[in-house]
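# Geometric and topological summary
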Amino acid sequence: MPPLSPFSSSSSSSSSPSPLSRDAVVSALRAAGCVFAEDEARLILDAAGTPDELAAMVDRRVTGLPLELVLGWAEFSGLRIVVEPGVFVPRRRTEFLVEQALAHAPDASVVVDLCCGSGAVGAALAASLGRVELHSADIDPAAVRCARRNVAPYGGHVHEGDLFGALPDRLRGRVGILAANVPYVPSDEVGLLPAEARDHEPRVALDGGPDGLDVLRRVAAEAPRWLAPGGCLLVETSERQAATALDAFTRSGLAARLLVSEELYANVVIGLDPAGG
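Summary of the structure given here.

Here is what the cut-offs are and how they apply
- Residues numbered from 1 in each chain as written.
- Predicted model: local features only at pLDDT ≥ 70, side-chain atom pairs only at ≥ 80, totals over all residues.
- Heavy atoms only, no water.
- Buried < 20%, exposed > 50% of the residue type's maximum accessible area, 1.4 Å probe, protein only.
- Helix = DSSP H or I, 4+ residues; strand = E, 2+ residues; numbered from the N terminus.
- Contact = heavy atoms within 4.5 Å.
- Polar contact = N/O pair within 3.5 Å; in protein donor to acceptor, adjacent residues only side chain to side chain.
- Axes fitted to C-alpha atoms, helices over the stretch in contact; angles between N-to-C directions.
- Parallel < 35°, antiparallel > 145°, perpendicular 65-115°, else oblique.
- Left-handed = near helix turned anticlockwise from the far one by under 90°.
- Salt bridge = Lys/Arg side-chain N within 4 Å of Asp/Glu carboxyl O.
- Pairing = 2+ DSSP bridges.

## A word on helix α7 (residues 141-151)
Taken together, the buried positions of α7 are occupied by Ala142, Ala143, Val144, Cys146, Ala147, Asn150 and Val151. Where α7 is buried, its residues touch β2 (79-82), α6 (120-129), β4 (133-138) and β5 (157-160). The opening residue of α7 is Asp140, an N-cap whose side-chain oxygen sits 3.0 Å from the backbone nitrogen of Ala142.

## Observations concerning the packing of helix α1 (residues 22-31) against helix α2 (residues 37-47)
Each pair of packed helices can be summarised by the angle the axes make with each other and by the distance between the axes. Following both chains from N to C, one finds α1 and α2 inclined at 125°, their axes separated by 9 Å at the closest point. The pairing of α1 with α2 is recorded here as oblique in orientation. Two packed elements cross with a definite hand, and for α1 against α2 that hand is right-handed. For the pair α1 and α2, the contacting residues are Arg22, Val25, Val26, Leu29 and Arg30 in the first and Ala37, Glu38, Glu40, Ala41, Ile44 and Leu45 in the second.

## Brief notes about the pattern of salt bridges
With the rule as written, the count across this model stands at 17 salt bridges. Between Arg92 and Glu263 there is a salt bridge; the shortest N-O distance is 3.9 Å. Taken together, the positions of Arg92 in the loop between β2 and α5 (95-104) and Glu263 in the loop between β8 (255-261) and β9 (266-272) put the pair 171 residues apart, joining distant regions of the chain. The class of Glu263 is exposed, set by a relative accessible area of 63%.

## A look at the packing of α2 against helix α3 (residues 51-62)
Their axes nearest at 9 Å, the elements α2 and α3 cross at an angle of 145°. In this structure, α2 crosses over α3, and the sense of that crossing is right-handed. Together, Glu40, Ile44, Leu45 and Ala47 of α2 and Glu53, Leu54, Met57, Val58 and Arg61 of α3 make up the contact between the two elements.

## Some remarks on unusual backbone geometry
A positive phi is found at Ser77, a non-glycine position, where the angle reads about 50°. With respect to the secondary-structure elements, Ser77 resides in the loop between β1 (73-76) and β2. A relative accessible area of 31% means that Ser77 is categorised as partly exposed. At Tyr265, a residue that is not glycine, the phi angle is positive and equals roughly 55°. Structurally, the position occupied by Tyr265 is in the loop between β8 and β9. Its relative accessible area of 71% is what places Tyr265 among the exposed residues.

## Structural notes on the side chain of Glu40
The topology assignment puts Glu40 in helix α2. Residue classification places Glu40 among the buried residues on the basis of a relative accessible area of 9%. Non-local contacts of Glu40, meaning those with residues more than four positions away in its chain, are made with Leu29, Cys34, Arg61 and Leu67.

## Description of the sheet that holds strand β7 (residues 227-237)
The 7 strands lie next to each other as β5-β4-β3-β6-β7-β9-β8, forming an open sheet whose pairing is mixed. Both outer strands of the open sheet, β5 and β8, are each paired with one neighbouring strand and no more. Within this sheet the neighbouring strands show an average axis-to-axis angle of 20°, counted without direction. As defined by bridge partners, strand β6 (residues 175-180) adjoins β7 across 5 bridges and the pair is classed as parallel. If you follow Leu178 over to β7, its bridge partner there is Leu233. Of the strands in this sheet, β4 and β5 are in contact with α7, which crosses β5 at around 175°.

Here is the structure:
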């Protein structure tokens, strides 16, 4: 039986545990290997409603649960996105995809977020665009349930299914922004990911097939039938995959180019509908 954490209250004690100090929380997080222990401690202390809840949250974090799942939310593009166990946690680098979508289609009236996970990308786009018809889709039922919570404030619709097969046919030819944060880790490299991703996120949200680009190719091939004139498709990928991803976009008939953020280590391939040029 593993020893009790110093933050676990003994079941034999009838008194309430003493509140944990900030320094004690920081020390525990630092000892567990949390690089940003001070920042994490502040967030956990702010989120905990009681000493018991604080102790439980620290316990979950020091045993390896991702901070976002400990808190129940992730910050993304200035929003607090609800995250739940078994759902992909949005990465800060994906904010670059959102920024580029807004820059290239600031007047989009229909937005589709494929492979939506928590729904973070669609929610961020809708929050910036204002009145917009938002549709998000994912093949994972857990992601669909989570995304519905995050897009509800924007009147968004969430569909369960495989890529475009989940969407209503009436969206064909109407989509101004098609964002697809597809899985792009090669299958044999999933096991090399950090434990927080490997052990707590669904493989379907990570595994992109032998070279990591299976889902990207499927999205690029069908996207032109869904884009409005002048609409754009944006997909995140890695630096080493960028050339192959660009080729997939070009083969589908899109005018493609690579957008890079050195600050966020982000690579986004954008495909513009030639009909709008």
